[in-house]
Amino acid sequence: MSSGAPFVHIIESPAPEDLVEDRCEGRILGEALSIAGIQHVYSLAVNRDMFVYSITNRLLDAVMKFQSAPILHVSAHGNVEGITLTSGEQITWRRLADLARPLANALEGNLIVCLSACGGAAGCRMAMEPGNGHTFGVLVSNTTGVSWADAAVAYVAFYHRLFRGSSVAEATEAMKLASGDQNFILLLGSLVKSEWNRWLSERQEFAVQAVQEALGADVGKASGCRLPNYGLPATDG
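Since the structure is predicted, the reported quantities are computational estimates derived from the model, not experimental observations. (Residues numbered from 1 in each chain as written. Predicted model: local features only at pLDDT ≥ 70, side-chain atom pairs only at ≥ 80, totals over all residues. Heavy atoms only, no water.)

Colleague: I would appreciate a short explanation of the packing of helix α3 (residues 48–55) against helix α4 (residues 57–66) in the present structure.
Modeller: Two packed helices can be described by the angle between their axes and the distance between those axes. The geometry of α3 relative to α4 is characterised by a closest axis approach of 3 Å and an angle of 25° between their N-to-C directions. Between α3 and α4, the interaxial angle falls into the category roughly parallel. Listed contacts from α4 to Y53, S54 and I55 of α3 are N57, R58 and L59. A breakdown of the residues in the contact of α3 with α4 according to their chemical character gives three nonpolar, two polar and one charged. (Axes fitted to C-alpha atoms, helices over the stretch in contact; angles between N-to-C directions. Helix = DSSP H or I, 4+ residues; strand = E, 2+ residues; numbered from the N terminus. Parallel < 35°, antiparallel > 145°, perpendicular 65-115°, else oblique. Contact = heavy atoms within 4.5 Å. Nonpolar A, V, L, I, M, F, W, Y, C, P; charged D, E, K, R; others polar.)

Below, the structure written as structure tokens:
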């Protein structure tokens, strides 16, 4: 019988050289979770089709098996645009947001996403995509490059503390202490989205003002044509 506790859904896509050298952080994490008695599923997704299958069909099967909510853990190489798979194919943050959205909506915005990737904090861009719905509730990742050794130690500590009753914030602090890397960070999806929308609004207001100023300039006179008024005060000419 399932305890109802969350489980960790690990999707790993190492670089080809990582596979040759047997550097598989996600697999090592899975072994540590087994020792700790934490329910988990491990998927090695070396190309886009396998990644999509792992985050959809395989994830749904795991939810049905454990009858509990997942924590999504992705282990791969990353950059500002997204994550790179073993095949060299890329999953952009927008694509990952689309793939995670059904699960995040089902969990009413409470999905925890751990991105074990260099610069994985750029995954906050998932919350900046237009449209309704959720992409993540909490994102735990690193703001810079991180070694596989530090990532493995950090996430083992994170899950160890989290499943012993610590808050996500407390577990994030534990991973910093365990790895010695202070660049691990916790981001709230709702806060990222609200700040992004505020920034867009401010930029839009600035753009509107710039257009209005341009329309009110003497450009129309110089060209010999009259520009549309757009509700601006009438000008001579």
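Colleague: Would you take a moment to explain helix α2 (residues 25–35) for this structure?
Modeller: The periodicity of an α-helix, 3.6 residues per turn, causes residues three or four positions apart to be oriented the same way. Among all positions in α2, only E25, G26, L29, G30 and L33 are buried. Angular distribution of buried residues about the axis of α2 spans 140°; they occupy a single face of the element. Buried residues in α2 make contact with β1 (7–13), β2 (40–44), β3 (70–78), β6 (112–116) and α6 (148–162). Positive backbone phi, approximately 75°, marks G37, located one or two places after α2. (Buried < 20%, exposed > 50% of the residue type's maximum accessible area, 1.4 Å probe, protein only. Arc of directions from axis to C-beta.)

Colleague: Which parts of the structure should I look at to understand the environment of I112?
Modeller: Structurally, the position occupied by I112 is in strand β6. You can call I112 buried: its relative accessible area is 14%. Distance in space between the C-alpha atoms of I112 and V138 is 4.8 Å, their sequence separation being 26 residues. Residues in contact with I112, not counting those within four places in the same chain, are I71, L72, V138 and V168.

Colleague: Even after reading the chapter, I still don't get the packing of aromatic side chains, so can you show me in this structure?
Modeller: Aromatic rings in a pair are described by how distant their centres are and how their planes are angled relative to each other. Within the structure shown, the criterion is met by five aromatic pairs. Aromatic side chains Y155 and Y159 sit 6.4 Å apart centroid to centroid with 35° between the ring planes, which places their arrangement in the tilted category. Of this pair, Y155 and Y159 both sit in helix α6, four residues apart, roughly one helical turn. In this pair, the class of Y155 matches that of Y159, namely buried. (Phe/Tyr/Trp six-rings, centres within 6.5 Å; stacked < 30°, edge-to-face > 60°.)

Colleague: What is the right way to look at the environment of P16 in this model?
Modeller: Tracing the backbone through its elements, the reader meets P16 in helix α1 (residues 16–20). Since its relative accessible area comes to 44%, P16 is described here as partly exposed.

Colleague: Would you take a moment to explain the pattern of salt bridges for this structure?
Modeller: For side chains of opposite charge, pairing can occur when their charged atoms come near one another. Per the counting criterion, the structure on display carries seven salt bridges. Between R198 and E195 there is a salt bridge, with its nearest N and O atoms 2.8 Å apart. Note that R198 and E195 are positioned in helix α8 (residues 189–215) at a spacing of three residues, about one turn of the helix. Given the relative accessible area of 43%, R198 is considered partly exposed. Members of the salt-bridge network, linked through shared partners, are D22, R27 and E31. (Salt bridge = Lys/Arg side-chain N within 4 Å of Asp/Glu carboxyl O.)

Colleague: Can you walk me through the nonpolar core in this structure?
Modeller: Generally speaking, soluble globular proteins have nonpolar side chains that are buried together. Among the nonpolar cores identified, the biggest contains 34 residues, and F51, I83 and L96 are the most heavily contacted of them. If you list the elements that add at least two residues to this core, you get β1, α3, α4, β3, α5 (93–106) and β6. Sequence-distant contacts of F51, defined by excluding residues within four places in its chain, comprise I11, A45, V74, I83, L85, I91, L96 and L99. One finds V8, C114, L162 and A171 within the second-largest nonpolar core, a separate group that totals 21 residues. (Core = buried A, V, L, I, M, F, W, Y, C linked by side-chain atoms within 4.5 Å.)

Colleague: Looking at this structure, how should I read the confidence of the model for the chain?
Modeller: Interpretation of this model should avoid reading the predicted coordinates in detail wherever pLDDT is low. Considering every residue of the chain, the mean pLDDT works out to 85; 84% of them sit at 70 or more. Mean pLDDT across the secondary structure elements of the chain bottoms out at helix α9 (residues 219–223), with 42, and peaks at α3, with 97. Contacts from residues 218–237, a stretch scored under 50 in pLDDT, to residues over four places away or in other chains number twelve contacts. (pLDDT = per-residue confidence, 0-100.)

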